Amino acid sequence: MAAEKLDLLQGTLDLMVLQTLATMGPMHGYGIARRIEQVSADALILNQGTIYAALVRLQQGKWIDAEWSASDNNRKAKYYSLTASGRRRLVTETKNWERMAEVVRRILTSPPGEVAP
Amino acid sequence: MISALSRLIARLRAVFAKRALDEDLNEELAHHLELLTKDNLKAGMAPEEARRQACIALGGLEQAREQHREARGFIWLEQIGKDIAFATRALCRARGFTLTVLAMLVLGVGVSTFVFNLTAWILIFDQPFPHPEQLWLIGFKDKHSASNPYRSTMQFQAYQEQTRAFSEYAAVTRDVANVVVDGEPVVVNLLGASIDCFHTLGIKPVLGRGFLPEEYRPGADNVVVITDLFWRKHFHAAPDILGRQVLVDQQLCTVIGVLRVDQPFPPAFAGDVYRPFIPRVDAVNPLTPVVFVIGRLAPAVPPEQARAALAAVKLPTLPPWATAYVAEQEPILMRPTDIARSETYWVMAIAGMLLYSIACLNAMNLMLVRLLGRRQELSLRLALGGTRWQIARLLMIESLGLALVASLVVMAAARWIFPPLLALITGSEAAKYVSSLNVRTLACIAVLTLVASVAVALVPAWRLMKSEINAGLKDGGAAAGDGRGVARLRTALVIFQAALAVVLLAGTGLMVRSFEQLHRTNLGFDPAGKVKVTISFPRGYDLAPEARLQLFERLQQRLATTPGVRAVSFGQDTLLEGGFYGTAQLLMADGTYRSVAGNFVTADYWKTAGLTLKKGQWFSSKRGEFGVVINEAFAKARFGDEDPIGKSFKLLVSGDFLQPVVGVVGDVKESVRSTPGMRMYVAEWVYPLNISSLLLRLDHDPGKEFEGVVRHAIYALDPKLIVSQVATINEIVGNGMWAERQAFRILKVLTVVALVLAVAGLFAVIAYTVDSRMKEFGVRLALGAQPANLHRLVMKRGLTTAAVGVAVGVAGALGLTRFMQSLLFETTPYDPLVYAAVAMILLVAAVAACWLPARRAARVDITRLLRAE
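In this report, the structure presented in the accompanying data block is examined. Because the structure is a prediction, the values reported are computed rather than measured. (Residues numbered from 1 in each chain as written. Chains lettered and ligands numbered in written order. Predicted model: local features only at pLDDT ≥ 70, side-chain atom pairs only at ≥ 80, totals over all residues. Heavy atoms only, no water.)

### Structural notes on the overall build of chain A
For clarity, the threshold we go by: Strands are runs of DSSP state E lasting at least two residues, helices are runs of H or I lasting at least four, and both sets are numbered from the N terminus onward. We call a residue buried when its accessible area falls under 20% of the maximum for its residue type, exposed when it is over 50%, and partly exposed in between, using a 1.4 Å probe and counting protein chains only. For this analysis, residues touch if any pair of their heavy atoms sits within 4.5 Å.
What chain A contains, in helices and strands, is four helices and three strands. Going residue by residue from the N terminus, the α and β elements of chain A occur as α-β-α-α-β-β-α. For chain A, buried positions account for 36% of its 117 residues. When contacts within chain A are restricted to residue pairs at least 6 apart in sequence, long-range pairs at least 24 apart make up 48% of them.

See the structure below:
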């Protein structure tokens, strides 16, 4: 058994979906879910159903577009793609995330006494 | 910010595109599941297991859907939408219930909105004049009357010159005048408006303009402002009205403005045509013309200080009689609406609220019945996991929906039915042209319906909270909204309704008594068949005393030939107050002076008027032969027990005045409410200057056409004369009771409606009780009870309920009818006869309401009941 799986952090799923679409181009819901699982090397507990809530949220924010078209196995599927504003949001959100991660890291690694009063 | 807004809009939209979105999602999820299962199969799982694992990975289909809905829309909004749809369906199914409750709400809200429309202006909003709290009507009090709402022009001028307590004044003179429009003469109320009048009252013509300062100069004042109603009636609302000319008292005047249709006025300030008023004191009688004065209090001056300032004002030197007259008077400040009787409006407002409460109680009661009928459904909902709050919310939505429909109906009524009804009730034609559907009415409707719907939903909801959950599932058992408690509650509501109806009934009953009393009141003469004709003279029509006398003699002869007329007399004034009685100061036995009314009339007056000669004789018709007739009040006050015949007395009227008393007549009242004061009658030729009234005696009150006959006869004699009044004494008496009549009319209608509602409520409760006790009655019958026993049982229950209601209502009425005291004529608000009658009426109505259910109980069919088991 590998290390214990991680719970998904609040608000991070939207970011992952955006990033996935940015790198992979238009995808359907299942594809996005699979991709996130694969990239995370199954280290995340991903309730695949929650993907759809994230997708509708992003869609209402006009960050992604959705379109019904035929899938690989010749079946109708809904394909999601990044919009221009979604791309911009991805950039800012990624920056925010990195800053946040950096802050958390700094706090966690600071040795006792180093922080000025 | 913008994206937040667009997201909000998207979410709202999602609420309404629910079905399409759900279908989309279902398809997506199915696709997802399919792919997932396929992948699992590829990984070597058994088909069954592959699908199971797929479902687990997805985290449950239903959960996924729920999350999706939550993310995309507003769950609670969807829920309410569902509730509304459900409530609508339920209400449409229970059509009888829905229509009845709607009728209750429409009636309750409609009637009280209407009454509100009628009374709000007077009661709550006081007057829509700028800073109404600063406005005071200046009047005076003296020994005879505690409030006279007018002053003389001389006093008005003195106030303007000598006090700074008031920053500005609105003053008007009132006249009846002939106005000729396109060759047609019309008798109008002509008001002279002082220079600040329109400004003080915030009056701005809607067409044209008000008067300019330069128009307050003799010769420049030939301009008029007319009311909207006058414009509609006599100019057919012609848009080119400004600049048109009319003849006012033989003077050509230009119309310069038209007032708003709903222009509010203090009562004395309302007229048809307004003209500039240039104050001018009459040379002969310095106390005329009379003006109505409203002053605007200067900032930071308390009313009492202003009143003192008015009292300290010095008048020019007056003749001795006028000095004595004025010395008795003390200026007072009144609210500008004091002339109107606000009690009438309070009575109407209270009656409206009572009816509203009755209607609400009735609706509440109906809701409770419905709750009883639905208890199995509601219990089932509770058992299936519905919360009480959800059910309460459903009830709330139902009643709000009903209220919404009711308010729409009332709004339609306000738009189309209120104006003609208002015109009918207030007798003001202008009301027809005023839209009742204004912001105030809308706010009133909104508040009343909201309160009603909350009240109507609250009681059943409260019952629901207290009830047992599963009892309703058992047939016949107590259920959600259990039977016993609800029945008690409903009885309480019915008692309350009956009590309110009793209060209204008592109010109306007292009015009936008052009117009865009024008809029976002794005026001191028989009013039947007497017609009073009042003549006024246009400006510039001045007659020497002798010429005036001759004119009236000619009028007398002319009118005496009118068919049906038995006798004609004339004088300064005739029966009942209307014009100006001369007042003099009488030297009493103890050396003090007291006011006495003097009336200069023809020698046959006492016969025409039907006065009763008590002692001596009437003065002779011979010119130059002096003689005074006094009334009993005069004789008693001045001469005590002595015989006044042949005695003389001293008066302070432009010098001393001594005349022998030749007769004593019975007292007559000047108005229905007044008590007779001291009065003397002197021959008309002694002082013809103020002669203005004729009295006609017929065998009985003439028909409507008589007025036209008289007007025509006078017109034929002298077309310049203004006939300001042709009315029977009975009409004048009736007009004096106008406020009471109006209140009475409204009260009557409200009472009938209230009685019907209360009885219907009682009927509903008794009928339901009988229905739910059918089985018990069957058992009683089987055990040997007679049908008559059952009948009596039901009747007793209904009548007990009604009797308790009557008792509560009488107690309430005794407290509330005090408000009506001043409307009642020689009737105490505690009149036992009225209360007895009211109790009887309600109990008889209750018997009628219980009769049918009682009969139903007595005819219970045991076999059928058993079969149903």
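### Quick look at the interface of chain B and chain A
A common way to state how big an interface is: give the accessible area lost once the parts meet. Selection criterion: Salt bridges are defined by distance alone: a side-chain nitrogen of Lys or Arg within 4 Å of a carboxyl oxygen of Asp or Glu. A 3.5 Å cut-off defines polar contacts: any pair of N or O atoms within that distance qualifies, except that in protein one atom must be a possible hydrogen donor and the other a possible acceptor, and neighbouring residues in sequence count only when both atoms are side-chain atoms. In this count, Pro and Cys sit with the nonpolar residues alongside Ala, Val, Leu, Ile, Met, Phe, Trp and Tyr, while Asp, Glu, Lys and Arg are called charged and the others, Gly among them, polar.
Listed per partner, the contact involves 25 residues of chain B and 25 residues of chain A. With its nearest N and O atoms 3.2 Å apart, the salt bridge here joins A:Lys78 to B:Asp24. The interface formed by chain B and chain A includes nine residue pairs in polar contact (both at pLDDT 80 or more). Counting only elements with at least two residues in the side of chain B that touches chain A, the list comes to helix H1 (2–16), helix H2 (18–42), helix H3 (47–58) and helix H4 (61–72) of chain B. Take the side of chain B that touches chain A: its biggest share by element is twelve residues, from H2(B). In terms of residue class, the side of chain B that touches chain A is made up of ten nonpolar, six polar and nine charged.

### Considering empty space enclosed by the protein
All names here are of chain B. Convention followed: Both site types are read off a 1 Å grid over the protein atoms alone. A 1.4 Å probe that fits but cannot get out defines a cavity, while an open set with protein on both sides within 12 Å along at least five of seven lines defines a pocket; lining residues have an atom within 4 Å of a point. Grid points are joined across faces, edges and corners, and a volume is the space filled by probe spheres set on the points.
On inspection of all chains with the given rule, the structure shows four cavities of 30 Å³ or more. In terms of lining residues, the largest cavity is bounded by Val 347, Ile 350, Ala 351, Leu 354, Val 503, Leu 504, Gly 507, Leu 747, Leu 816, Thr 817, Phe 819 and Met 820. Mapped by element, the contributors of at least two residues to the lining of the largest cavity are helix H12 (342–373) and helix H17 (483–520). Top element by residues in the lining of the largest cavity is H12. It accounts for four residues. Split into classes, the residues belonging to the lining of the largest cavity amount to ten nonpolar, two polar and no charged.

### Topic: the pattern of salt bridges
All names here are of chain B. Following the criterion strictly, the structure yields 30 salt bridges over all chains and no others. Residues Asp 221 and Arg 275 are paired through a salt bridge, measuring 3.9 Å at the closest nitrogen-oxygen approach. Linking Asp 221 in the loop between strand E5 (207–208) and strand E6 (223–226) with Arg 275 in strand E9 (residues 273–276), this pair joins segments that are 54 residues apart in sequence. For Asp 221, a relative accessible area of 8% puts it in the buried group. Arg 275 sits in the buried class, given a relative accessible area of 2%. Its salt-bridge partner being Lys 622, residue Glu 625 comes within 3.8 Å of it at the nearest N-O pair. Residue classification places Lys 622 among the exposed residues on the basis of a relative accessible area of 54%. Among the ionic contacts, a cluster of salt bridges with common partners joins Asp 22, Glu 66, Arg 69 and Arg 72.

### Overview of helix H2 (residues 29–39) of chain A
For H2(A), the complete set of buried residues consists of A:Gly29, A:Tyr30, A:Gly31, A:Ile32, A:Ala33, A:Ile36 and A:Glu37. Check the buried side of H2(A) and you find it contacts helix H1 (12–24), strand E1 (27–28), helix H3 (50–60) and strand E3 (76–82) of chain A together with H2 of chain B. Once H2(A) finishes, A:Ala41 follows within two positions and takes phi at roughly 55°, a positive value.

### Focus: the nonpolar core
The test is simple: Nonpolar cores were defined as sets of buried Ala, Val, Leu, Ile, Met, Phe, Trp, Tyr and Cys residues, with membership established by side-chain atoms within 4.5 Å.
Counting residues in each nonpolar core, the largest one holds 138 residues, and the members touching the most others are B:Val533, B:Ile535, B:Trp618, B:Tyr681, B:Leu694 and B:Leu696. For this core, the element with the highest residue contribution is H12(B), accounting for 18 residues. Beyond its immediate sequence surroundings of up to four residues, B:Ile535 is in contact with B:Phe552, B:Leu555, B:Ser692, B:Leu694, B:Ile714, B:Leu721, B:Ile722, B:Val723 and B:Ser724. Listed in part, the 30 residues of the second largest apolar core include A:Leu13, A:Ile36, A:Tyr80 and B:Ala54.

### Focus on the side chain of B:Arg370
Counting through the fold element by element, B:Arg370 comes out in helix H12. Exposure remark for B:Arg370: the relative accessible area of 12% places this residue in the buried category.

### With respect to helix H26 (residues 832–858) of chain B
Residue and element names in this part refer to chain B. The condition that has to hold: One fewer than the residue count of a helix, multiplied by 1.5 Å, yields its expected span. Working definition for bend: take the seven residues up to and ending at a residue and the seven starting at it, fit an axis to each, and measure the angle between the axes.
Compared with an ideal rise of 1.5 Å per residue, which puts 27 residues at 39 Å, H26 spans 37 Å between its outermost C-alpha atoms and is within 8% of the ideal. The largest bend along H26 measures about 35° and falls at Trp 851, with the proline Pro 853 one to four residues further on. For H26, the side-chain oxygen to backbone nitrogen distance between the N-cap and Leu 833 is 3.0 Å, and the N-cap itself is Asp 831.

### Structural notes on the packing of aromatic side chains
All names here are of chain B. Inclusion rule: Centres within 6.5 Å make a pair out of two Phe, Tyr or Trp rings, where for Trp the six-membered ring is used; the pair is then stacked when the planes are under 30 degrees apart, edge-to-face when over 60, and tilted otherwise.
Under the definition given, this model contains 21 aromatic pairs over all chains. The interplanar angle of 70° and the centroid separation of 6.4 Å between the aromatic rings of Tyr 150 and Phe 292 together place this pair among those described as edge-to-face. Here Tyr 150 is found in the loop between strand E1 (135–141) and strand E2 (151–152), whereas its partner Phe 292 is found in strand E10 (residues 290–297), with 142 residues between them in sequence. Taking relative accessible area as the criterion, Tyr 150 reaches 28% and is therefore assigned partly exposed. These aromatic residues form a ring-pair network of at least three members: Phe 198, Phe 211, Tyr 216, Phe 265 and Tyr 274.

### Considering the sheet that holds strand E2 (residues 64–70) of chain A
Residues and elements named next belong to chain A. Put simply, the rule is: Paired strands, in this sense, are two strands between which DSSP finds at least two bridges.
Strand order in the open sheet formed by three strands is E1-E3-E2, and the pairing between neighbours is antiparallel. Every other strand in the sheet has two partners, leaving E1 and E2 as the edge strands with one partner each. When E2 meets E3, the two strands line up antiparallel, connected through seven bridges. Across the sheet, the residue bridging to Glu 67 is Tyr 79, located in E3.

### Examining the pairing of strand E8 (residues 251–258) of chain B
Residue and element names in this part refer to chain B. Taken together, the two bridges between E5 and E8 define a ladder with antiparallel strand orientation. Its bridge partner lying in E8, Leu 207 is registered against Val 258. Summarising the sheet, E6 and E8 pair through four bridges and their orientation is parallel. Paired with Val 223 across the two strands is Thr 254, which belongs to E8. Direction of pairing for strand E7 (residues 245–248) relative to E8: antiparallel, over a ladder of four bridges.

### A look at the environment of B:Gln305
Of note, B:Gln305 is situated in helix H10 (residues 303–311). Classification of B:Gln305 as partly exposed rests on a relative accessible area of 48%.

### Section: the packing of helix H5 (residues 75–93) of chain B against helix H14 (residues 388–416) of chain B
Residue and element names in this part refer to chain B. In plain terms, the rule: All axes are obtained by fitting lines to C-alpha atoms, using only the stretch in contact for helices, and the reported angles, taken between N-to-C directions, cover 0 to 180 degrees. Each helix crossing is assigned a hand: it is left-handed if the near helix lies turned anticlockwise from the far helix by less than a right angle, otherwise right-handed if that turn is clockwise.
Closest axis-to-axis distance for the H5/H14 pair is 9 Å, and the angle between their directions is 65°. Between H5 and H14 the crossing geometry is right-handed. Side by side, H5 and H14 meet where Gln 79, Ile 80, Asp 83, Ile 84, Phe 86, Ala 87, Ala 90 and Leu 91 of the first sit next to Arg 393, Leu 394, Ile 397, Glu 398 and Leu 402 of the second. Tallied by class, the residues present in the contact of H5 with H14 amount to nine nonpolar, one polar and three charged.

### Overview of the side chain of B:Lys669
Residue and element names in this part refer to chain B. Worth spelling out the cut-off: Residues scored as positive are Lys and Arg, those scored as negative are Asp and Glu, and His as well as the terminal groups of each chain are ignored.
Tracing the backbone through its elements, the reader meets Lys 669 in the loop between strand E19 (656–665) and strand E20 (679–683). Of the side chains with opposite charge, Glu 826 comes closest to the buried, unpaired Lys 669, at an N-O distance of 4.1 Å. With residues up to four places along the chain from it excluded, the contact list for Lys 669 reads Thr 521, Asn 522, Leu 523, Phe 525, Leu 576, Ser 674, Pro 676 and Glu 826.

### Quick look at unusual backbone geometry
Residues and elements named next belong to chain B. You will see that His 236, though not glycine, has its phi angle at about 50°, which is positive. Within the element layout of this structure, His 236 appears in the loop between helix H9 (228–235) and E7. The phi angle at Ala 237 is positive, at roughly 55°, despite the residue not being glycine. Note that Ala 237 resides in the loop between H9 and E7.

### Considerations on the pairing of strand E3 (residues 166–181) of chain B
Residues and elements named next belong to chain B. Here E3 pairs with E10 via six bridges, running antiparallel. Pairing of Tyr 169 across the sheet is with Gly 295, part of E10. Bridge count for E3 against strand E4 (residues 184–193) is ten bridges, and the pairing is antiparallel. Across the sheet, residue Val 172 finds its bridge partner in E4, namely Ala 193. Between the end of E3 and the start of E4, which pair antiparallel, lie two residues, with Asp 182 showing a positive phi angle near 50°. Judged from the two bridges that link them, E3 and E7 form a sheet pairing that is antiparallel. Looking across to E7, one finds that Val 179 is bridged to Val 248.

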